[in-house]
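So you can see what is in the structure, the chains are spelled out below.
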2 protein chains.
Amino acid sequence: MEFTRPAEIERESMRIIDAELAGRGVVLPEEMKTVVRRVIHTTADFDYAENLRFTKDAVPRALAALRGGATIVTDTNMALAGVSKPALRKLGGEALCHMAEPSVAEEAKARGVTRAVVSMDHAAERTPDAVFAVGNAPTALLRLAEHIEDGLRPALVVGVPVGFVNVVESKERALAICERHGVPAIVALGRKGGSNVAAAIVNALLYAAAELTEPEKRNG
Amino acid sequence: MEFTRPAEIERESMRIIDAELAGRGVVLPEEMKTVVRRVIHTTADFDYAENLRFTKDAVPRALAALRGGATIVTDTNMALAGVSKPALRKLGGEALCHMAEPSVAEEAKARGVTRAVVSMDHAAERTPDAVFAVGNAPTALLRLAEHIEDGLRPALVVGVPVGFVNVVESKERALAICERHGVPAIVALGRKGGSNVAAAIVNALLYAAAELTEPEKRNG
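In short, a report on the structure. These figures come from a predicted structure and were not determined experimentally. All residue numbers refer to position in the chain's written sequence, counted from 1. Chains and ligands are labelled sequentially in the order written, the chains with letters from A and the ligands with numbers from 1. Only residues with pLDDT of at least 70 are given local features in this predicted model, and only at 80 or more are side-chain atom pairs given and counted; all residues enter the totals for whole chains, interfaces and linings. To get the side-chain values, take all heavy atoms of the structure and skip hydrogens and water.

Attention now goes to the relation of the copies chain A and chain B. Each copy is superposed on the other by least squares, with the fit set by C-alpha atoms of residues at a pLDDT of at least 70 in both. After a rotation of 180 degrees and a shift along the axis of 0.0 Å, chain A superposes on chain B with an RMSD of 0.0 Å. Those values place the two copies in the arrangement expected of a two-fold rotation axis. Residues of chain A ranked by C-alpha distance from the rotation axis are headed by Met78(A), positioned 2.7 Å from it. Of the interface residues in chain A, 100% have counterparts in chain B that sit at the interface too, so the contact is made through matching surfaces. It only takes one pair of heavy atoms within 4.5 Å for two residues to be counted as in contact.

As C-alpha cells, this is what we get:
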C-alpha cells in the first residue's frame, strides 16, 4: 500500500508508532499518549516513551489554558518556528520568544547571565500565566523554576533541554519544584530533548485543544 | 567542577561526547567527526554515530562551497531558524526556505503535489548550486534527487528527514543518486533525523568554514 498524502502518511505513522509502543509493552493513559506519540513522530526515538514525565493532570490543565488562548513562550526561535500557527490562530493565542530581542542581549551582558535567563525573566514578568516551553537552555529552565518558587504560576512548564552538562539535573530539579507547587509540567528526564521536542509537545497539546482537522493542520 | 559559561559548557559537552564515542569504539575521520559530534550534541543520541553516511569528500567540498558564500536552502522554517546567523554573516551567504511563500501553496494545490516538492522546484531553479538541507519531508528529498538525475549539481545535499513512512527509502535512494552523480551528500540512514539534525549538520559545516570563535558563535 502506498501512502502519498500528508494526512494519510501521518495516520499511518501514528498507527506504526502505536503498534511499536504496544509491542514494547508500553501502556499509557490516552491523554499522555497523544503527547508521547507526537514526540516519537518528531524524533523516531522510542526512548521518549520511557523518559517523559507528566505531573498530575498536566495535560487537561494545559488544554484548558490553551483553549482559553494562553500565550506560549519558547526559549529558542527554532522552537518558536516549530509551533503550529494554524492551531494558534484557531485558539486565539500567540507564541513568543524573547531570545533575539536586543534588550535581552544588553541586559544579559550587564548582569553577567545568559540571554536565556534574561528572556525567562522578561516572560515571567510580561506573560506570567503562559505555557513556558524550554527545549534548549538548562539555565532558562532553572531560572523558571526559581520564579515558580517565588510565586510564578505558569499554565504549563515543558522542560526538555537537551545535552550533557547541567541538563539532567536541571530537569529533575524543575520537575520537583513544579510538583511541589502544583504547577503542571511535562519533562523529558535524562539527556534527551531539544527545540523540536519542545515544539512537538506544544503542538500535540495545541492540536488536541483546537481539534484541528488534517487539512487545517497542514495549512501552514 | 562547575561549568557555567556557554562556551565552557560546549567544550565540556564535546569532551564527554568524544569520550563516549571512544568508549563505544567509534573511530571517525576528523572531518566527519565534526559533523557527527554536533548532531549528537543537538540530540544526545549516539545512534547518529552509526547512521550518518558521507559521500566521498562531502565535507571538504561543502566547506569550499560555504567559504565561497554558498546559499543554504532548507525544507522547513524550523531548520531555517536553527541555522547559525553569525556564521552566515561572516561567510557572506544566506539561508532560505520557500515553504511559507503563498505562491508555493497555490502551485502545490494546482499541481496536486506537496508544498515541499514545489519549494524544492523553486530552489532548484533559483539557487541550483546551494546547500540543500532536508530535515522533514521525504517528498522534498525525492524531488531533489529527481532534479539531480536531470542535471542539478547542488553544493551539498543534507538528507535527514525523520519518520515512519517513505522516509528510510527516500534517504537510501537520494544517497545512491548523489553517489552516482558525484554530488556531495550527508544522509542519516534509518528513521531518525529532523529539522534540528539538518540545522546541526549545516552549523557544524558553517562553524568549520567560518572558523568562528566561541563568542562569535553565541552572538546569535
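Once that is clear, we can look at the environment of Asp47(A). Residues and elements named next belong to chain A. Secondary structure elements follow DSSP: runs of H or I of four or more residues count as helices, runs of E of two or more count as strands, with numbering from the N terminus. By secondary structure assignment, the location of Asp 47 is in the loop between helix H2 (30–43) and helix H3 (48–51). Note on Asp 47: relative accessible area 39%, which makes it partly exposed. Through-space distance from the C-alpha of Asp 47 to that of Gly 190 is 10.0 Å; in sequence the pair is 143 residues apart. A polar contact of 2.7 Å, which involves the side chain of Asp 47, links it to the side chain of Lys 192. The buried label goes to any residue with under 20% of its type's maximum accessible area, the exposed label to any with over 50%, and the partly exposed label to all in between, with areas taken from a 1.4 Å probe on protein chains only. Within 3.5 Å is the distance limit for a polar contact, defined as a pair of N or O atoms, with the added protein rule that one can donate a hydrogen and the other accept it, and that residues adjacent in sequence qualify only through two side-chain atoms.

Right, let's get into the pattern of salt bridges. Criterion for a salt bridge: a side-chain nitrogen of Lys or Arg within 4 Å of a carboxyl oxygen of Asp or Glu. Following the criterion strictly, the structure yields 32 salt bridges over all chains and no others. Measuring nitrogen to oxygen at the nearest pair gives 3.2 Å for the salt bridge that ties Asp57(A) to Lys56(A). With a closest N to O distance of 3.7 Å, Arg173(B) and Glu149(B) form a salt bridge. Highlighted residues: Arg173(B) in helix H10 (residues 167–181) and Glu149(B) in helix H9 (residues 138–149), separated in sequence by 24 residues. Its relative accessible area of 35% is what places Glu149(B) among the partly exposed residues. What you see here is one network of salt bridges that share partners, running through Asp45(A), Asp47(A), Lys192(A), Asp45(B), Asp47(B) and Lys192(B).

All names here are of chain B. With respect to the helices and strands, the residue Lys 56 is situated in the loop between strand E1 (52–54) and helix H4 (58–67). Sequence-wise, Lys 56 and Ile 186 are 130 residues apart; in three dimensions their C-alpha atoms are separated by 9.8 Å. A polar contact is formed between the side chain of Lys 56 and the side chain of Asp 57, at a distance of 3.2 Å.

With that out of the way, let us pick up the nonpolar core. Membership of the largest hydrophobic core comes to 78 residues, with the highest contact counts inside it found for Ile40(A), Leu52(A), Leu66(A), Ile72(A), Ile201(A), Leu205(A) and Leu206(A). Of all the elements, helix H11 (residues 195–210) of chain A adds the most residues to this core, at eleven residues. By nonpolar core we mean a set of buried residues, namely Ala, Val, Leu, Ile, Met, Phe, Trp, Tyr and Cys, connected to one another through side-chain atoms within 4.5 Å. Leu21(B), Val36(B), Leu52(B) and Ala210(B) belong to the second largest nonpolar core, which has 77 residues in total.

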